[in-house]
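Structure assessment
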Amino acid sequence: MEIKTQTEELKEKRRNILQLLLDSHPNDCLTCQKAGTCLLQKYAYEYDVKFRHHDGAKREEKYDLSSPYIYKDNSKCILCGKCVQICRQVEERAILSFADRGYDSYIACDLGEDFAHSYCVSCNRCVSICPVGALVDRRLMGKIRNFEGETKEVKCKVCDYGCDFNLHSKDGKNLAVTAKKPGSGRPLCLKGRMMTELMFLDNPDKPYMKGAGEFKETNWMTVTGLNNVYKKIEKIEDKGE
């Protein structure tokens, strides 16, 4: 079998698809957190496709700012479905799905509202796989972009899965931790991410936990699960005195 992937006909079809995606996409690459690692940006450059002015429809500007861990921008979504697929790989999660039809389609949470009112556990699997700026790690935003500073891989030590994270540094300071795409058997979780932040970041942001439809500020002992461990150690040591 001979398979051709770079014929002129195929290239032209790809250009047409990319042009349609750009026609619905906001032209804010200069300020987008995803700049430099956005696949739409990469392929638009590769196939010489540019933004153009038009009077047609664009995707609705709809944002989900309810989570301190995930920033969701509906106007940048290209409906590739990768976030839906990766969320459903962990059977008990399956939070994201397609909603509405045609040009009005968008990615919705399980309860039809936002991340705060959903059963989302803030594992950031969806963020790690999003090819554009539709889903972004909110604790990374405004600190550093991927083409700045240095990035090195670190491993979570909370459990045997050993999920992989990127540690982002600039001018000798560790600024942020982001989840890498989960490998086979690696689910990613908020507890592991928080523990990794606590271990590696110089000045980590305040931690939050979800309850009653909103995220509330908490302490590091609680969000990492060390509170109960600490109490148990105190109890054991008190008995030994």
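Use the structure listed above.
Thresholds applied
Residues numbered from 1 in each chain as written. Predicted model: local features only at pLDDT ≥ 70, side-chain atom pairs only at ≥ 80, totals over all residues. Heavy atoms only, no water. Pairing = 2+ DSSP bridges. Helix = DSSP H or I, 4+ residues; strand = E, 2+ residues; numbered from the N terminus. Polar contact = N/O pair within 3.5 Å; in protein donor to acceptor, adjacent residues only side chain to side chain. Contact = heavy atoms within 4.5 Å. Phe/Tyr/Trp six-rings, centres within 6.5 Å; stacked < 30°, edge-to-face > 60°. Buried < 20%, exposed > 50% of the residue type's maximum accessible area, 1.4 Å probe, protein only. Core = buried A, V, L, I, M, F, W, Y, C linked by side-chain atoms within 4.5 Å. 1 Å grid on protein atoms, 1.4 Å probe; cavity = no way out; pocket = protein on both sides within 12 Å on 5 of 7 lines; lining within 4 Å. Points joined across faces, edges and corners; volume = space filled by probe spheres on them. Nonpolar A, V, L, I, M, F, W, Y, C, P; charged D, E, K, R; others polar. Axes fitted to C-alpha atoms, helices over the stretch in contact; angles between N-to-C directions.

This next bit is on the pairing of strand E8 (residues 173-179). Remember that side chains alternate between the two faces of the sheet whenever the strand is regular. Note: strand E7 (residues 164-170) against E8, six bridges, orientation antiparallel. Note that in E8 the partner of Phe-165 across the bridge is Ala-179. Connecting E7 to the next strand, E8, in antiparallel fashion are two residues, including Asp-171 with a positive phi near 55 degrees.

Attention now goes to the side chain of His-168. By the secondary structure assignment, His-168 is in strand E7. A distance of 3.4 Å separates the side chain of His-168 from the side chain of Thr-151, its partner in a polar contact. Leaving out residues up to four positions away in the same chain, His-168 has contacts with Leu-140, Ile-144, Asn-146, Glu-150, Thr-151, Lys-173, Asn-174, Leu-175, Ala-176 and Thr-178.

To continue, consider the sheet that holds strand E2 (residues 70-73). Across the sheet, which stays open at both edges, the three strands sit in the order E1-E2-E5 with antiparallel pairing between neighbours. Only two strands of the sheet have a single neighbouring strand rather than two, namely strand E1 (63-64) and strand E5 (135-137). Of the strand pairs in this sheet, E2 and E5 are connected by three bridges, and their pairing is antiparallel. Along E5, the bridge assignment pairs Lys-72 with Leu-135.

Scanning all chains against the criterion turns up two aromatic pairs. Judged by centre distance (6.1 Å) and plane angle (70 degrees), the ring pair of Tyr-69 and Phe-215 falls under edge-to-face. Taken as a pair, Tyr-69 in the loop between E1 and E2 and Phe-215 in strand E10 (residues 214-217) lie far apart in primary sequence, 146 residues in all. The two residues Tyr-69 and Phe-215 agree in class, both being buried.

Here we take up unusual backbone geometry. In this structure, Leu-79 takes a positive phi of about 55 degrees despite not being glycine. The residue Leu-79 is located in the loop between E2 and helix H3 (82-87) in this model. Even without being a glycine, Ser-122 presents a positive backbone phi close to 60 degrees. One can find Ser-122 in the loop between strand E4 (106-108) and helix H4 (125-129).

A word on the nonpolar core. Taken as a class, soluble globular proteins show a tendency for nonpolar side chains to be buried jointly. By size, the foremost hydrophobic cluster in this structure holds 31 residues, and its most contacted members are Ile-70, Cys-83, Leu-96, Phe-115, Cys-126 and Leu-135. Contributions of two or more residues to this core are made by helix H1 (8-23), helix H2 (39-46), H3, H4, helix H5 (190-200) and helix H6 (220-223). The leading source of residues in this core is H3, at three residues. If sequence neighbours within four positions are ignored, Leu-135 has contacts with Ile-70, Tyr-71, Lys-72, Cys-83, Phe-115, Cys-126, Val-127 and Cys-130. In terms of nonpolar packing, the next biggest core, distinct from the first, is built from 10 residues, Cys-123, Leu-167, Ala-179 and Leu-188 among them.

Before going further, it helps to spend a moment on empty space enclosed by the protein. Inspection of every chain in the model, using the stated rule, returns two cavities of 30 Å³ or more. In this structure, the largest cavity encloses a volume near 140 Å³. Along the lines of polarity and charge, the residues of the lining of the largest cavity split into 11 nonpolar, two polar and two charged. Estimates place the volume of the second largest cavity at around 30 Å³. Forming the boundary of the second largest cavity are Cys-163, Asp-164, Lys-180, Lys-181, Pro-182, Gly-183, Arg-186 and Leu-188. Partitioning the lining of the second largest cavity into residue classes produces three nonpolar, one polar and four charged.

Taken together, the three strands give an open sheet; going across it, the order is E6-E7-E8, and neighbouring strands pair in antiparallel fashion. Here the strands that pair on one side only, and so sit at the sheet edges, are strand E6 (150-155) and E8. Across this sheet, the average inter-strand angle for adjacent strands is 30 degrees, counted without regard to direction.

With that settled, the discussion passes to the side chain of Arg-193. As for its position among the elements, Arg-193 is in helix H5. At 3.1 Å, the side chain of Arg-193 and the backbone oxygen of Val-177 are in polar contact. With sequence-adjacent residues up to four places away left out, Arg-193 is seen in contact with Asn-124, Asp-137, Arg-139, Phe-165 and Val-177.

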